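As a plain string of letters, each chain reads:
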Amino acid sequence: MRYWIQKSNTKSLEARTFDYRQERARLEQAEYDEDVSAWYLHFARLRDSLLPSKAKTNAIVEPFTLDDDEYLGEEVTALYDENSHIFMVQRNKFSLGHSGLEEYLNLIWDNEEEQIFLRPIYATDTVKRARERDTYRRISVRFADLDTKDFKEESKSPIKRFVDELKNYGAVNGEITLTIGYSREKELDAQTVVDSIDDLIDNRGLVSKVEISAKNEDTDIEIIDLFDEVAHSYGYFDIPKRSTLVHDELFYQMGEIYKDSRIRIIGYLN
């Protein structure tokens, strides 16, 4: 990535703009931050399709138009630690995702003999975190290959009975979701959820996905993907109306989050 950044920074803004899935994408800037000891990278997807309309309180809605050289900029921010080779990306559903960034990196690199891959860093402490929550709000389980495998007889939770009922339908795949709805006072029975987690781990071959929404007394609700959780953290911002999220603020908070999370993430790698 160091060499990729060096190559990118020698190009003009226009020269590092590439066609991307009927639109365009580019690196806006790449700067090194001495305090975090990491690179900050600012990407944008340049969108000129499916444009919104604009409205006034005293006028009807009218189309939102762009000049020939104008686009809607869907931005995404990334942090790169060149010592640990960790690439931290802000999720933005309208901009470049994991595969889009990977595609753009290779467009800049432009080497048929070398391919750049972004490998996910999977959390290895999800079972421990899921079993040690104070309050459970939701558990969602997706089953697969129900017609080829049997649930183990030793079961502490109602999960086996759910599987048996799904099999009665002749189903190959199935999904169950248990939730407290919108209530803030109610919660799922903690011991039953923990027992279910243990049973699902013992029957991993039957399960394709498990998501648990839970919290501790002093934390916000966390969504835990029991088997396939990519390492992540949350950042919270107050964005005034009629304004956008300033990327300097994103850079700063991502750096603070990364400094707090770096040891944990390196532990996942080890």
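Before reading on, note that the structure itself is shown above.
Residues numbered from 1 in each chain as written. Predicted model: local features only at pLDDT ≥ 70, side-chain atom pairs only at ≥ 80, totals over all residues. Heavy atoms only, no water.

K.L.:
Teacher, can you tell me more about the nonpolar core here?
P.N.:
Taken as a class, soluble globular proteins show a tendency for nonpolar side chains to be buried jointly. One finds Val141, Phe143, Leu200 and Ile212 to be the most contacted residues of the largest nonpolar core, which totals 24 residues. Put simply, the parts of the chain that give this core at least two residues each are β8 (135-143), α4 (159-168), α5 (190-202) and β10 (207-215). Residues in contact with Ile212, not counting those within four places in the same chain, are Ala130, Tyr136, Arg138, Ile139, Ile197, Glu222, Ile223 and Ile224. Residues Tyr20, Ala78, Leu101 and Tyr104 belong to the second largest nonpolar core, which totals 20 residues. (Core = buried A, V, L, I, M, F, W, Y, C linked by side-chain atoms within 4.5 Å. Buried < 20%, exposed > 50% of the residue type's maximum accessible area, 1.4 Å probe, protein only. Helix = DSSP H or I, 4+ residues; strand = E, 2+ residues; numbered from the N terminus. Contact = heavy atoms within 4.5 Å.)

K.L.:
Is there a simple way to think about a nonpolar patch on the surface in this case?
P.N.:
A cluster of nonpolar side chains, namely Ile223, Tyr234 and Tyr236, defines an oily patch on the protein surface of about 340 Å² accessible area. In this structure, Ile223 sits in strand β11 (residues 222-225). Looking at Ile223, the relative accessible area reads 39%, which means it is partly exposed. (Patch = residues over 30% accessible without salt bridge, like charges linked within 9 Å, V, L, I, M, F, W, Y side chains within 5 Å. Areas by Shrake-Rupley, 256 points an atom, 1.4 Å probe, with all protein chains shown as cover. Salt bridge = Lys/Arg side-chain N within 4 Å of Asp/Glu carboxyl O.)

K.L.:
Any chance you could explain the sheet that holds β10 here in plain terms?
P.N.:
Sheets are built from strands that pair by backbone hydrogen bonding, the pairs being arranged parallel or antiparallel. The strand order across the open sheet built from four strands is β9-β8-β10-β11, with neighbouring strands paired in antiparallel fashion. Looking along the sheet, the strands with just one partner apiece sit at the ends: β9 (174-179) and β11. Going across the sheet, the axis of each strand differs from the next one's by a mean of 10°, ignoring polarity. In this structure, β8 lies alongside β10, joined through eight bridges in antiparallel fashion. Across the sheet, residue Ser140 finds its bridge partner in β10, namely Glu211. (Pairing = 2+ DSSP bridges. Axes fitted to C-alpha atoms, helices over the stretch in contact; angles between N-to-C directions.)

K.L.:
Can you walk me through α5 in this structure?
P.N.:
For an α-helix the count is 3.6 residues per turn, leaving residues at separations of three or four pointing the same way. Counted at 1.5 Å a residue, the expected span for α5 with its 13 residues is 18 Å, and the 19 Å between its end C-alpha atoms agrees. Among the structural elements, α3 (126-131), β8, α4 and β10 are those in contact with the buried residues of α5. (Expected span 1.5 Å × (residues − 1).)

K.L.:
Would you explain the environment of Phe43 in this entry?
P.N.:
With respect to the helices and strands, Phe43 occurs in strand β3 (residues 38-47). Remark: the alpha-carbon pair of Phe43 and Glu175, spanning 132 residues in sequence, is separated by 37 Å. For Phe43, the residues in contact, after removing those within four places along its chain, are Trp4, Arg26, Leu27, Glu28, Glu74, Glu75, Val76, Ala78, Phe87, Leu96, Leu101 and Tyr104.

K.L.:
Just checking my understanding: could you explain the sheet that holds strand β7 (residues 86-89) for this structure?
P.N.:
Within the open sheet, the five strands sit side by side as β1-β2-β3-β6-β7. Their pairing is antiparallel. Across the chains shown, the open sheet's two edge strands, defined by having one partner strand only, are β1 (17-20) and β7. Averaged over all pairs of adjacent strands, the angle between their axes in this sheet comes to 30°, without regard to strand direction. The sheet contact formed by β3 and strand β6 (residues 72-81) spans nine bridges and is antiparallel. Among the inter-strand pairings, Ala44 is bridged to a residue of β6, identified as Glu75. Across the sheet, helix α1 (residues 2-9) is in contact with β2 (23-33), β3 and β6; its angle to β3 comes to roughly 55°. On the sheet, helix α6 (residues 247-269) packs against β3, β6 and β7 and is oriented at approximately 40° with respect to β6.

K.L.:
Honestly, the pattern of salt bridges in this entry has me stumped. Any pointers?
P.N.:
Should the charged atoms of two oppositely charged side chains come close, the side chains can pair. By the definition in use, this model includes 21 salt bridges. Between Asp125 and Arg129 there is a salt bridge, with the nearest N and O atoms lying 2.9 Å from each other. In this structure Asp125 comes out as partly exposed when scored by relative accessible area, which is 22%. Between Glu211 and Arg138 there is a salt bridge, and its shortest N-O distance comes to 3.3 Å.

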